[in-house]
Amino acid sequence: MNNHLSVIGVPMDLGQMRRGVDMGPSAIRYAGMIERLEELKYVIDDLGDIDIPRPERNQSEKLDNLRNLNEVAEGSHRLAVEVDKVVEKGRFPLVLGGDHSIAMGTLAGIAKHYENLGVIWYDAHGDLNTGDSSPSGNIHGMPLAVSLGIGHEKLTNILDYQPKIKPENVVIVGARSLDEGERVLIEEKGMKVFTMHEVDSMGMPKVMEETIQYLKDRTDGVHLSLDLDGLDPNEAPGVGTPVMGGLSYRESHLAMEMLYQSQMITSAEFVEVNPILDEKNKTASVAVGLMGSLFGEKLK
Ligand SMILES: NC(=[NH2+])NCCC[C@H](N)C(=O)O
Ligand SMILES: [Mn+2]
Ligand SMILES: [Mn+2]
């Protein structure tokens, strides 16, 4: 694994309606992230936080069922520019959210450097909505669709190219809340999804084995997009859209350890940590713990 990490915080809370997720990057750093990774002998540049635009008052609230479209697009664009530079320098981008809408910026910055970027979308949700299909108008439910080139032009065209990724290079893990339009898209594109049903029936070792094998055969780099709501809300309560029956802390550690062993992850982001909804920074600590496993911590 690339031993030079560049950390970028993204205090974005405009992709959904619960305030506080903009403090996610601070909460994750406060939970000891940098020290934890330094312990593993990584060289770390913390690039600080991206400046996120604040919406003007009186703007028409939800144009095309896309809440805060212009600000989210601009924030993601700024993130994409920074991530692009990090990859250009040969460093591993580690992005801290912020709500999941930021993934469209992260992927825009990374994917131009790969022919076939793979993505592991670790999440209770598919985030495959568009303005047309979204029940909420919240853009954090759309970044995977946007990265596939599906959605509003202001979002799909960040850094002036699209699509960022191909549907066959994506694996979704932990899904248990998919909207109708998302199911249709998954079916139509033949996307690989391990729902909680598969995790329960196959077990996490098999799910990750298959994920790793599948991506190894077809990609030249793999981005991990980890939404903390993929985990069960009992273990990661500090998220804005919790869904019961999620991945356990232990399953998630195992998944991260297997990814470390595979040596295939080339970038990562940890999103949706909301300290206002959290219990004593538990969810941020879970994020840092999972990073420990992803970057090679071992018990012996
Ligand atoms: N990144 C997330 N937590 N996304 C939740 C999305 C929830 C729902 N599917 C929506 O579109 O509103
Ligand atoms: Mn989610
Ligand atoms: Mn998500």
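As a reminder, the structure under discussion sits directly above these lines.
Residues numbered from 1 in each chain as written. Chains lettered and ligands numbered in written order. Predicted model: local features only at pLDDT ≥ 70, side-chain atom pairs only at ≥ 80, totals over all residues. Heavy atoms only, no water.

A.B. asks: Quick question: what am I supposed to make of the sheet that holds strand S1 (residues 4-10) here?
C.D. replies: Whether parallel or antiparallel, the strands of a sheet pair through hydrogen bonds between backbone atoms. Spatial strand order, S2-S1-S5-S10-S9-S6-S7-S8: eight strands in an open sheet with parallel pairing. With partners counted over all chains shown, the strands left at the sheet margins are strand S2 (43-49) and strand S8 (192-195), one partner each. Looking at each pair of strands side by side, their axes are set apart by 15 degrees on average, direction ignored. Sheet analysis places S1 next to S2, joined by five bridges and oriented parallel. Of the residues in S2, the one forming a bridge with Leu-5 is Ile-44. Contacts between helix H11 (residues 282-294) and the sheet are confined to strand S5 (92-97), strand S9 (221-227) and strand S10 (265-271), with S10 contributing the most and set at about 170 degrees to the helix. (Pairing = 2+ DSSP bridges. Helix = DSSP H or I, 4+ residues; strand = E, 2+ residues; numbered from the N terminus. Axes fitted to C-alpha atoms, helices over the stretch in contact; angles between N-to-C directions. Contact = heavy atoms within 4.5 Å.)

A.B. asks: Would you explain the coordination of the manganese ion (ligand 3) in this entry?
C.D. replies: Looking at the metal site, the manganese ion (ligand 3) is ligated by His-100 (ND1), Asp-123 (OD), Asp-127 (OD) and Asp-227 (OD), spaced 2.0 to 2.2 Å from it. Between the manganese ion (ligand 3) and the manganese ion (ligand 2), a separation of 3.1 Å is found, and both are coordinated by Asp-123. Separated by 27 residues along the polypeptide, His-100 in the loop between S5 and helix H4 (103-111) and Asp-127 in the loop between strand S6 (117-122) and helix H5 (143-147) bring together distant segments of the chain. With respect to burial, His-100 and Asp-127 carry one shared label: buried. (Donors = N, O, S within 2.8 Å, 3.2 Å for Na, K, Ca; no water. Buried < 20%, exposed > 50% of the residue type's maximum accessible area, 1.4 Å probe, protein only.)

A.B. asks: Where do I start with the site of ligand 1 in this structure?
C.D. replies: Taken together, 13 residues lie near ligand 1, and Asp-127, Asn-129, Ser-136, Asp-179 and Asp-229 sit nearest. Contacts to ligand 1 include Asn-129, whose side-chain N or O atom sits 2.9 Å from an oxygen atom. Relative to its unbound accessible area of 350 Å², ligand 1 is 94% covered by the protein chains. When each cavity is represented as a set of grid points, ligand 1 is found to reside in the largest pocket. Looking at the shell around ligand 1, its residues break down into one nonpolar, seven polar and five charged. (Near = heavy atom within 4 Å. Polar contact = N/O pair within 3.5 Å; in protein donor to acceptor, adjacent residues only side chain to side chain. Areas by Shrake-Rupley, 256 points an atom, 1.4 Å probe, with all protein chains shown as cover. 1 Å grid on protein atoms, 1.4 Å probe; cavity = no way out; pocket = protein on both sides within 12 Å on 5 of 7 lines; lining within 4 Å. Sits in = over half its atoms within 2 Å of the grid points. Nonpolar A, V, L, I, M, F, W, Y, C, P; charged D, E, K, R; others polar.)

A.B. asks: Explain the layout of surface pockets to me, please; I cannot follow it from the model alone.
C.D. replies: Where empty space is left in the structure can be found by rolling a water-sized probe over the atoms. Roughly 250 Å³ of volume is contained in the largest pocket. Of the residues that constitute the lining of the largest pocket, the class distribution is two nonpolar, eleven polar and seven charged. (Points joined across faces, edges and corners; volume = space filled by probe spheres on them.)

A.B. asks: Just checking my understanding: could you explain the packing of helix H10 (residues 249-262) against H11 for this structure?
C.D. replies: Two quantities define a packed helix pair, namely the angle between the helix axes and the distance between the axes. Relative to each other, H10 and H11 sit at 30 degrees, their axes nearing to 7 Å. In terms of crossing hand, the pair formed by H10 and H11 is right-handed. In contact with Tyr-249, Ser-252, His-253, Met-256, Glu-257, Leu-259 and Tyr-260 of H10, H11 contributes Val-286, Gly-289, Leu-290, Ser-293 and Leu-294. Here the residues of the contact of H10 with H11 are counted per class, giving seven nonpolar, four polar and one charged. (Left-handed = near helix turned anticlockwise from the far one by under 90°.)

A.B. asks: Looking at this structure, I do not really get unusual backbone geometry. What am I missing?
C.D. replies: Negative phi is the rule for most residues except glycine; trans is the rule for most peptide bonds. Cis geometry marks the peptide bond from Gly-97 to Gly-98; its omega dihedral reads 15 degrees. Note that the residue after Gln-162, namely Pro-163, is joined by a cis bond; omega there is -5 degrees. Position of Pro-163 relative to the elements: it lies in the loop between helix H6 (153-156) and strand S7 (170-175). One non-glycine residue, Lys-41, lies in positive phi territory at about 75 degrees. Of note, Lys-41 is situated in the loop between helix H2 (33-38) and S2. Judged by its relative accessible area of 66%, Lys-41 falls in the exposed class.

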